[in-house]
Protein chains: 2
Amino acid sequence: MVTKADMSEQELDARHAEKMRKKKAARDKIMATKTIEKGLLIVHTGKGKGKSTAGFGMIFRSLGHGHKVAVVQFVKGRLETGERMALDRFSDLVTIKRMGEGFTWETQDRQRDINAARAAWDAAKELISSREHKMILLDELNIVLRYEYIPLEEVVAYLRDEKPEDVHVVITGRNAKEELIEIADLVTEMGQIKHPFRSGVKPQEGVEF
Amino acid sequence: MVTKADMSEQELDARHAEKMRKKKAARDKIMATKTIEKGLLIVHTGKGKGKSTAGFGMIFRSLGHGHKVAVVQFVKGRLETGERMALDRFSDLVTIKRMGEGFTWETQDRQRDINAARAAWDAAKELISSREHKMILLDELNIVLRYEYIPLEEVVAYLRDEKPEDVHVVITGRNAKEELIEIADLVTEMGQIKHPFRSGVKPQEGVEF
């Protein structure tokens, strides 16, 4: 049997070309079956970093195409300054609603958190239903659902039955509810393999905020 | 025993405030130990979506702070148009090197892919060593390492021994090598829970590209 180690560079190249020709044919065939265009419900969850970051990445990508987009922040931390300043360069296309009052352990005030969550959710529904934005990021919605500050059934019913067909909605936050995952089109779980806090590294500009 | 259902709203609020006060105290104590500032080696891997998207999200966050950044694309697909057009609004701060020649199954030419990977890696090293950029995204570097187009030992040795202390490097792509994870500060694995291609949905503007 001829192993990879026995092959000349020329043989490796030829084998590679043949393999990639087949891969392309298979891929083209599969992609030809993907014909549906629709507004997606996208969820980023898990304990790792990158949930909101990838959500903002999608917002910037959509902005690159000249789409109008909106961001509703359900939990306002001090950590989103970089995103906000970057979005300022697209102020013609972006609507931002910063409704949350800070992390729950910062406010220490359940009623204020509940009121803020309700106001944010009402704003989110209005933005989505208006169909004026191609993509809407509901940043950290999972957190307020986890604390039961807004009834899960209300959120699921709206997103399943009332979200316009052509609007993308991106939801972030740990501990996404099963019922939300159930109705979503695209769900990614960010898993933490290594985190620099463990080595005593502090939150840094451009990395955490 | 008093259960949550027996409690009045006032009691729930009081219990919440106490719990959050303790959480904040614990959190503040932990965060006080995080004092180190350093350029991080960050890896986004896994089969799910969001690896490059979160990488670009970090790039935009860093741009928001007014930092200079650079992006080296090791595999040039047709799918990065949104990011590129969004980065155009920051042309004063961004350096982009698009070195890859396309997906391996598009070029079907191993030698061309190897040459492109080498040129991209040489450009990446130059950008990192120059210390002119606060953050450098090496998009899809993991792919060329997987195909062994650049020796893994060379990349690991450079990032471990020669990367300047104050530069953040973000590496994306599936199948990150163990040796790379070993030397990284922050590693997130994007896991695929649900993907819209499975329901026949095609790649869409702002979502996939």
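Residues numbered from 1 in each chain as written. Chains lettered and ligands numbered in written order. Predicted model: local features only at pLDDT ≥ 70, side-chain atom pairs only at ≥ 80, totals over all residues. Heavy atoms only, no water.

Sequence positions flagged by UniProt for "domain: Cob(I)alamin adenosyltransferase N-terminal" (unreviewed entry) are, in local numbering, residues 7–31 of chain A. Spanning residues 7–31 of chain A, this segment combines 92% helix with 0% strand, and its end C-alpha atoms are found 33 Å apart. (UniProt positions renumbered as here; feature names shortened; annotations may be inferred. Helix = DSSP H or I, 4+ residues; strand = E, 2+ residues; numbered from the N terminus.)

Tracing the backbone through its elements, the reader meets R110(B) in helix α5 (residues 110–130). Accessibility expressed as a relative area gives 14% for R110(B), which makes it buried. Here E9(A) takes part through its side chain, which lies 3.4 Å from a polar atom of the side chain of R110(B). In this structure R110(B) touches E9(A), L12(A), D13(A), H16(A) and Y149(B), once residues within four positions along its chain are discounted. (Buried < 20%, exposed > 50% of the residue type's maximum accessible area, 1.4 Å probe, protein only. Polar contact = N/O pair within 3.5 Å; in protein donor to acceptor, adjacent residues only side chain to side chain. Contact = heavy atoms within 4.5 Å.)

Moving on to a negative patch on the surface. Residue and element names in this part refer to chain A. The grouping of E148, E153, E178, E179 and E182 at the surface amounts to a negative patch. The element that contributes the greatest number of residues to the negative patch is helix α8 (residues 178–183), accounting for 3 residues. As for its placement among the helices and strands, E153 is situated in helix α7 (residues 152–161). (Patch = residues over 30% accessible without salt bridge, like charges linked within 9 Å, V, L, I, M, F, W, Y side chains within 5 Å. Areas by Shrake-Rupley, 256 points an atom, 1.4 Å probe, with all protein chains shown as cover. Salt bridge = Lys/Arg side-chain N within 4 Å of Asp/Glu carboxyl O. Lys, Arg positive; Asp, Glu negative; His and termini not counted. Charge placed at Lys NZ, Arg CZ, Asp CG, Glu CD.)

Taken together, the contact pairs 81 residues of chain A with 81 residues of chain B. Approximately 7,400 Å² of surface area, both sides summed, lies buried where chain A meets chain B, with 58% of it carried by carbon and sulfur atoms. Three residues, R61(A), W105(A) and K194(A), lead the burial of chain A against chain B; their summed loss comes to 11% of the area buried on that side. Linking chain A to chain B there are 10 salt bridges. (Buried area = accessible area lost by both parts, 1.4 Å probe.)

Moving on: the pairing of strand β1 (residues 41–45) of chain B. Residues and elements named next belong to chain B. The element β1 is extensively covered by neighbouring structure, given that 5 of its 5 residues are classed as buried. Neither face of β1 is left uncovered, since the one carrying L41, V43 and T45 and the one carrying I42 and H44 both have all their residues buried. Relative to strand β5 (residues 168–172), β1 runs parallel, the two being bridged by 4 bridges. Bridged to V43 within β5 is I171. In this structure, β1 lies alongside strand β6 (residues 186–194), joined through 4 bridges in parallel fashion. Bridged to H44 within β6 is T188. (Pairing = 2+ DSSP bridges.)

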